[in-house]
Amino acid sequence: MIEGPYLDFEKPILDLEKKISDMVEFSQAENIELDSEIKSLRGKLKKLQDNIFAELSRWQRVQLARHPKRPYTLDYIKMISTDFVQLHGDRYFADDKAMVCGFARIDGRPVMFIGQQKGRDTKSKLHRNFGMANPEGYRKALRCMHMANKFGRPIIILIDTPGAFPGIGAEERGQAESIARNLREMANLEVPIIITIIGEGASGGALGIGLGDRVFMLENSWYSVISPEGCSAILWRDAAKAPEAAEALKLVAKDVEALGLIDGLIPEPEGGAHRDPEMTARNLKGYILKSLEEVDQLEPAELLKNRILKYRRMGVYSE
Amino acid sequence: MDWFRKTKAGLVSQQKKEIPDGLWTKCKGCSEVIYSRILEESLWVCPSCNYHFRINANKIIKLLLDDGQLERYDENLSSLDPLKFRDSKKYTDRIVASQKKTGDLDAVICGLGSIDTVPVSIAVMNFDFMGGSMGSVVGEKIARAIERSIDREIPLVIVSCSGGARMQEGILSLMQMAKTSALLAVLAKKKITYISVLTNPTTAGVMASYASLGDIIIAEPKALLGFAGPRVIQQTIGQDLPEGFQSSEFFQEHGFLDVISERKDLRKNISLCLHYTYTPPKSLGN
Ligand SMILES: [Zn+2]
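Residues numbered from 1 in each chain as written. Chains lettered and ligands numbered in written order. Predicted model: local features only at pLDDT ≥ 70, side-chain atom pairs only at ≥ 80, totals over all residues.

Chemist: What am I meant to see in the overall build of chain B here?
Modeler: If you tally the helices and strands in chain B, you get ten helices and eleven strands. Against the globule reference of 19 Å for 286 residues, chain B gives a C-alpha radius of gyration of 19 Å, in line with a compact fold. With the C-alpha coordinates of chain B rotated into their principal frame, the extents come out at 60 × 45 × 40 Å. Sorting the 286 residues of chain B into buried and exposed places 50% on the buried side. Here the contacts in chain B between residues at least 6 apart in sequence split such that 67% fall between residues at least 24 apart. (Helix = DSSP H or I, 4+ residues; strand = E, 2+ residues; numbered from the N terminus. Rg over C-alpha atoms; globule rule 2.2 N^0.38 Å. Buried ≥ 20, exposed ≤ 12 C-beta atoms within 10 Å, placed from the backbone. Contact = placed C-beta atoms within 7 Å.)

Now the structure itself:
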């Protein structure tokens, strides 16, 4: 059963789940046999879930990607690795709390994790700046990626951001330069880079740690040139048209996969990652390990050549 | 990007009202009305206040290249509509309108030429085409311009003028940032000069990819340069932006710009930087 915050379209499911759990409790407390009733309700629940989640609009998936209970980067690091040592600071300016980096072991193998981190309550949301990194965040990520490169450790990246932070300080310290530099440098790192969009993949803020050998998206994540709200404010001149913009942008995992821009879509449990974080984490880990196995075969020169070719091919035009 | 469009729309309607015959142009910097021929002679820079009017890609090419000559490449690349994108207008209609307006198929002109005898592969963005936005065609043409530099071992010059990635091609536009930057990594490894020239405006996805990656970065005065649009920043932080925020001068003050060059000196400044960095091959036979 889900506790805590939920989305509108989850409500009928929650109501039915509550009804079932009440009935189970009642039957146990009063010692009344209600097995067939409970079974029938469970069947009804399954059907209801199937119906709701089979026909999610793109906007609903965006809501799932932003679900307040959705696992965040540090949750996945905890679930799929051991002995995480977080590394702080860009060595120039500050430690950006919206970006986390550090060594950990996946099945014993040392890797470097990089990812944006969101907060869950008001205080931690502010502490994490809502997952919106400043230039020092991208520079910390690059510092740690260079270190991984130096010591021959693969880089595992988890992307979850509503965008790079649009602020005065961010512009003063070169937000654009920090993202551009990461893109160029990531094309040069001689260790495997495995990327997964785990929630929101908004624009340059996501791509700033998003160039690598394999890119996956969790089933209910989104990845786009601009957020639906940003797009609707500009093209529809109305932020309330975000659902229309989400449809037009074709931003969910299935769309991006259909465009051939990612290497796969990682399944989530029905209802979204938050319904079973452990299962989602197992799926994620499986994709990461399989990808590492594939790219481990390659010599650095071949790895780099393939990585550049992967992006070189992206684009749709006529000639 | 919307406020660019607003500014532009404002300018057009102003022109229609105040200078019906196109002989006179009102300066956006000091509001003085200037005879168009004078403006043209001054390279579209206001003689009174030094305001740099935005000029199109063809004028930039004429200004920068020896004899104004460009051997054009990839002119036939044209945008498709992979997302079937539609807001108030269809994307395909927007493309056709921009093609009619500019006479080009998309928002960048590329080719080979020379600047003060140094051979260059050059790309010049055109703001008149959908705000100079970068979709698949711009990304591909920039990529090919970089590859021409790599293949011929000649310097690369990119003159940017863009509100960023093109929303109507969604995630494909975002990936053009990765594509161009990855190829610039190859160019850098080969130690080939790349001069990035920024004109008003250069922001968002273009600024956060190739425009920021020049060995030497040169901008015209008072251009709008940055990552996020000023209105977005203002809305996010809920306070007024400081005077001169995101201008070329601001950008240079904060360490992200080598040279601010007036338009009349642009060719000379680029030429100097090319000569300081480019060593021609010893014999032509190689
Ligand atoms: Zn003036």
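Chemist: Just to check I follow, could you spell out the overall build of chain A for this structure?
Modeler: For chain A, the count of helices and strands is 14 helices and nine strands. Over its C-alpha trace chain A gives a radius of gyration of 21 Å, about what one expects of a compact globule, namely 20 Å for 319 residues. Seen through its principal axes, chain A has C-alpha atoms that stretch 70 × 50 × 45 Å. A buried classification covers 49% of the 319 residues belonging to chain A. A fraction of 70% describes how many contacts in chain A between residues 6 or more apart in sequence connect residues 24 or more apart.

Chemist: Whenever I open this one, the nonpolar core confuses me. Can you help?
Modeler: It is characteristic of soluble globular proteins that their nonpolar side chains tend to be buried jointly. Formed by 162 residues in total, the largest nonpolar core has its most connected members in Ile114, Met145 and Ile157 of chain A together with Ile270 of chain B. With twelve residues, helix α6 (residues 170-189) of chain B is the largest single contributor of residues to this core. Once residues lying within four places of it in the same chain are set aside, the contact partners of Ile114 of chain A are Cys101, Ala141, Cys144, Met145, Ile155, Ile157 and Ile209 of chain A. (Core = buried A, V, L, I, M, F, W, Y, C linked by C-beta atoms within 7 Å.)

Chemist: Could you clarify how one ought to interpret unusual backbone geometry in this entry?
Modeler: Most peptide bonds take the trans configuration, and most residues that are not glycine carry a negative phi. In this structure, Pro201 of chain B follows Asn200 of chain B across a cis peptide bond, with omega equal to -5°. Structurally, Pro201 of chain B is set in strand β8 (residues 194-203). Residue Ser203 of chain A is not a glycine yet carries a positive backbone phi of 60°. Using a count of 30 C-beta atoms within 10 Å as the deciding quantity, one classes Ser203 of chain A as buried.

Chemist: For this particular structure, what's the right way to read the pairing of strand β9 (residues 216-219) of chain B?
Modeler: Working note: regular strand, side chains alternate between the two faces of the sheet. Residues and elements named next belong to chain B. As defined by bridge partners, β8 adjoins β9 across four bridges and the pair is classed as parallel. Bridging across to β9, Ser196 finds its partner in Ile217. Across two bridges, β9 lies against strand β11 (residues 259-260) in parallel orientation. Note on β11: the bridge partner recorded for Ile218 is Val259. (Pairing = 2+ DSSP bridges.)

Chemist: How should the domain arrangement of chain B be read in this particular structure?
Modeler: How big an interface is tends to be expressed through the accessible area that disappears when the partners come together. Residue and element names in this part refer to chain B. You can read the domains of chain B as domain 1 (1-53) and domain 2 (55-277). Relative to domain 2, the C-alpha centre of domain 1 lies at a distance of 22 Å. At the junction of the two partners, domain 1 supplies ten residues and domain 2 supplies 15 residues. Looking at side-chain class alone, the side of domain 1 that touches domain 2 contains seven nonpolar, two polar and one charged residues. (Domains from an automatic or database assignment. Nonpolar A, V, L, I, M, F, W, Y, C, P; charged D, E, K, R; others polar.)

Chemist: Teacher, can you tell me more about the packing of helix α14 (residues 300-312) of chain A against α6 of chain B here?
Modeler: Each pair of packed helices can be summarised by the angle the axes make with each other and by the distance between the axes. Contact pair α14 of chain A / α6 of chain B: the axes reach a minimum separation of 8 Å and the direction vectors enclose 140°. As far as their axial angle goes, α6 of chain B and α14 of chain A are oblique. Taken as a pair, α14 of chain A and α6 of chain B cross one another with a handedness that is left-handed. Residue-level contacts link Ile308, Tyr311 and Arg312 of chain A of α14 of chain A to Met175, Ala178, Lys179, Ala182, Leu183 and Val186 of chain B of α6 of chain B. Residue classes in the contact of α14 of chain A with α6 of chain B are distributed as seven nonpolar, no polar and two charged. (Axes fitted to C-alpha atoms, helices over the stretch in contact; angles between N-to-C directions. Parallel < 35°, antiparallel > 145°, perpendicular 65-115°, else oblique. Left-handed = near helix turned anticlockwise from the far one by under 90°.)

Chemist: Just checking my understanding: could you explain the environment of Met79 of chain A for this structure?
Modeler: All names here are of chain A. Within the fold, Met79 resides in helix α4 (residues 73-80). Looking at Met79, the number of C-beta atoms within 10 Å reads 15, which means it is partly exposed. Linking Met79 and Ile106, residues 27 residues apart in sequence, is a C-alpha distance of 9.9 Å. With residues up to four places along the chain from it excluded, the contact list for Met79 reads Pro277, Glu278 and Ala281.

Chemist: Hey, could you run me through the environment of Phe9 of chain A in this one?
Modeler: Residue and element names in this part refer to chain A. Following the sequence through the fold, Phe9 ends up in the segment before α1 (11-30). For Phe9, a count of 15 C-beta atoms within 10 Å translates into the label partly exposed. Sequence-distant contacts of Phe9, defined by excluding residues within four places in its chain, comprise Ile52 and Gln60.

Chemist: Is there a simple way to think about the interface of chain A and chain B in this case?
Modeler: Contact with chain A, which involves 45 residues of that partner, is made by 54 residues of chain B. Listing elements by their share of the side of chain A that touches chain B, those giving two or more residues are α7 (168-172), α8 (175-186), α9 (203-207), β7 (222-224), α10 (228-236), α11 (242-249), α14 and β9 (317-318) of chain A. Per-element tally for the side of chain A that touches chain B: the top contributor is α8 of chain A, with seven residues. Partitioning the side of chain A that touches chain B into residue classes produces 29 nonpolar, nine polar and seven charged. In terms of strand pairing, β9 of chain A meets strand β4 (residues 78-79) of chain B through two bridges, oriented antiparallel. Considered in β4 of chain B, the bridge of Ser318 of chain A is made with Ser78 of chain B.

Chemist: Please explain the pairing of strand β2 (residues 99-106) of chain A as it appears in this structure.
Modeler: All names here are of chain A. Here three bridges tie strand β1 (residues 82-86) to β2, and the two strands are oriented antiparallel to one another. Each bridged residue has a counterpart across the sheet, and for Thr82 the counterpart in β2 is Arg105. Strand direction decides the pairing type here: β2 and strand β3 (residues 109-116), joined by eight bridges, are antiparallel. Directly across from Met99, in β3, lies its bridge partner Gln116. If you look at the hairpin formed by β2 and β3, you'll find two residues sitting between the two strands, and Asp107 has a positive phi there, around 50°.

Chemist: Would you mind going over the domain arrangement of chain A with me for this structure?
Modeler: Taken domain by domain, chain A consists of domain 1 (8-55) and domain 2 (62-312). For domain 1 of chain A and domain 2 of chain A, the distance between their C-alpha centroids amounts to 36 Å.

Chemist: Could you clarify how one ought to interpret α4 of chain A in this entry?
Modeler: Because each turn of an α-helix spans 3.6 residues, side chains separated by three or four positions in sequence point in the same direction. Residues and elements named next belong to chain A. Taken residue by residue, α4 has Thr73, Tyr76, Ile77 and Ile80 as its buried positions. Along the long axis of α4, the arc covered by the buried residues comes to 100°, so they all point the same way. Looking at the packing, one finds that the buried side of α4 touches β1, β2, β3, β4 (155-161), β5 (193-202) and α13 (277-296). (Arc of directions from axis to C-beta.)

Chemist: Would you explain helix α4 (residues 91-102) of chain B in this entry?
Modeler: Residue and element names in this part refer to chain B. Taking 1.5 Å of rise per residue, the twelve residues of α4 would be expected to cover 16 Å, and the 16 Å separating its terminal C-alpha atoms lies within 8% of that figure. For α4, the set of buried residues is Tyr91, Arg94, Ile95 and Ser98. Seen end-on, α4 carries its buried residues on one side only, within an arc spanning 100°. Counted as exposed and oriented over 90 degrees from the buried face of α4: Asp93, Val96 and Lys100. Where the residues of α4 are buried, they touch β4. Of the residues trailing α4, Gly103 is marked for its positive phi of about 75°. (Expected span 1.5 Å × (residues − 1).)

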